[in-house]
Amino acid sequence: MIKTKNHTPLSRFLPIFLFVAITQFFLLTQANAARRVVTFTNGTGQNADDLHIVTKKGVTIDWKKTTPFDSDRGKKNDSSHNLYNATVPPGGTATVAMDDDDATTIEIKDAWWTSGGNSKKDGEKIGDDIEDDGSNQLGIVGGPAAGDGVVQININGESGIFMTTPGSSPDSTKAQFSVFLSGFVDSDGNELIHQGFLESSNLLYASNILGSPGLGLSTEILVQDSGQSITLLPPLPGPPVFRFSITAAGGGCPGPYIGEVEDAIPGGQVAIYQGTIAEPSPSEVCPGVMLEIAVPVLTNMLTPDENGGATFDFEAMGCGVTLLQALDLASCTLGNVTGPDGN
C-alpha cells in the first residue's frame, strides 16, 4: 500500500513569510548530500543473482537499507557496483540504498540483471537495460506566481495535485514543489521520488521504482500559472556505458564462447585480458588504471565499429576459473570482469 502525505499547500495554515522561510531552508539543505533508495523489479522472466548499477558519480551502498543483496564487487564511492550473493525471482524486487556526500542528486546511467556471477566475476546479462525512468527537470521563471498553476504527479498508481501559491517567487515555487514531491512515500516510509537541485537551480526528480514500466513517474502540467512559466525538460543523457559480456556458443564450458564489447570508442582499440586470479594489477598502457586480474594475459585486440561494438571468439582457460576483462585503450576505460560458468 502506497502512502501519500497531505498535499494541501502549507500556505493555507502558515503565514506566507514563514512558509517561504521553511521552503528556502529545505532548498539549502538539499545541497549537503544526496541519498536515494531505489526498488528494482526483476522483469527478465528468469532468476537473477546479480544486479549491476552504474551511476553518474560515485556512490556508497548503505547495507542497512539494501536487500536481499549483501555483497558488492564495487567499492565505496565507486560509480559502478555489482551486487551479488542473493537470488531475485521473476517479478521479485531488490532495494538498494545509495549515498553521495558531495552531490545533490544521484543519477543512474544504466542498470541490468545478470545470472551466474560471484565475488570474482560478473554473470551473464539477462533481460534489457533498466533505465532511470520518469526523470524530469522542472524549471520555473517569471514574476510572482498568480496562484492558478496546477501540476499533476502520478507514480505507482497514486497521484497528487500541486497548486502554485499566490505571490511566490520562482525559487519559492520550486522549493514548494520539492516539499510536495517528498510526500510520496511507500509503506516503509521510503520516498518514491528522488529529487535534488542542480547548479542551474532547476529541480531534478526521478522515480525510485525501476524496472516496472507501468509504475513509473509521470508529470502533467494541467494549468500553466499566469504569472510564472513552468517548464519540464528531460535531463541531458550521460555518456554510454562501456560494457563487456560473453555468451556460450555451444553447450557451455569449456567453450567455445563469444565475447562482445559495447559502447567503446569507435575506431579505437579494445584489449581483452584473461587470467585466473582476481587481484589488482596495474595496466601497462593506461597509467593509473588497475586491472582486476592478476598476471593478465593479452589474448585479443579489437577495433570497435562505428557504433562502438566488436565481437570475438575464445576458448576458456579452465571451467569455473577463467576471468576476462576488457580495456578501452582510446579512453582508458575499464570494463567489467566476467567469465564462463563452471558447468
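Below is a short write-up of the structure. (Residues numbered from 1 in each chain as written. Predicted model: local features only at pLDDT ≥ 70, side-chain atom pairs only at ≥ 80, totals over all residues. Heavy atoms only, no water.)

**Description of the state of the cysteines**
- Under the counting rule described, the total for this entry stands at 1 disulfide.
- A disulfide bridge connects Cys286 with Cys332, and the sulfur atoms are separated by 2.1 Å. One disulfide, between Cys286 and Cys332, carries an S-S torsion of -85 degrees and so falls in the left-handed class. Here Cys286, found in the loop between β21 (281-282) and β22 (290-291), pairs with Cys332, found in the loop between β25 (323-328) and β26 (333-338); they are 46 residues apart in sequence, far enough to count as distant.
- In this structure Cys286 comes out as buried when scored by relative accessible area, which is 0%. (Disulfide = S-S within 2.5 Å. Helix = DSSP H or I, 4+ residues; strand = E, 2+ residues; numbered from the N terminus. Buried < 20%, exposed > 50% of the residue type's maximum accessible area, 1.4 Å probe, protein only.)

**Here's the deal with the packing of aromatic side chains**
- Applying the stated criterion across every chain yields a total of 8 aromatic pairs.
- Their ring planes at 65 degrees and their centres at 5.7 Å tell us that Phe177 and Tyr205 sit as a pair that is edge-to-face. Pair noted here: Phe177 is in helix α2 (residues 170-181) and Tyr205 is in strand β14 (residues 203-207), with a separation of 28 residues, a long-range link.
- Residues Phe312 and Phe314 carry aromatic rings whose centres are separated by 5.7 Å and whose planes lie at 35 degrees to one another, so their mutual orientation is tilted. Residue Phe312 shares its accessibility class with Phe314, and that shared class is buried.
- The structure contains a cluster of three or more aromatic residues connected by ring pairs, namely Phe162, Phe177, Phe180, Phe184 and Tyr205.
- Lying over the aromatic face of Trp112, Arg243 brings its terminal NZ or CZ to 3.9 Å of the ring centre. (Phe/Tyr/Trp six-rings, centres within 6.5 Å; stacked < 30°, edge-to-face > 60°. Lys NZ or Arg CZ within 6 Å of the ring centre and 35° of its normal.)

**Quick look at the sheet that holds β25**
- Strand order in the open sheet made by the 4 strands is β23-β20-β25-β26, with antiparallel pairing throughout. Both edges of this open sheet fall to β23 (297-302) and β26, since each of them pairs with a single strand only. Averaged over all adjacent pairs, the angle separating strand axes in this sheet is 20 degrees, with direction ignored.
- Relative to β23, strand β20 (residues 270-275) runs antiparallel, the two being bridged by 5 bridges. Bridging from a neighbouring strand, Tyr273 pairs with Leu298 of β23. (Pairing = 2+ DSSP bridges. Axes fitted to C-alpha atoms, helices over the stretch in contact; angles between N-to-C directions.)

**Section: the pattern of salt bridges**
- In the structure shown here, the tally under the stated rule is 9 salt bridges.
- Note that Arg35 and Asp99 form a salt bridge whose closest N and O atoms lie 2.8 Å from each other. Pair noted here: Arg35 is in strand β2 (residues 34-41) and Asp99 is in strand β6 (residues 93-100), with a separation of 64 residues, a long-range link.
- Accessibility expressed as a relative area gives 38% for Arg35, which makes it partly exposed.
- Residue Asp171 is joined to Lys174 by a salt bridge in which the shortest nitrogen-to-oxygen separation is 3.6 Å. Here Lys174 and Asp171 lie together in helix α2, a separation of 3 residues that amounts to about one turn.
- Each of Asp110, Lys125, Asp129 and Arg243 takes part in one network of salt bridges that share partners. (Salt bridge = Lys/Arg side-chain N within 4 Å of Asp/Glu carboxyl O.)

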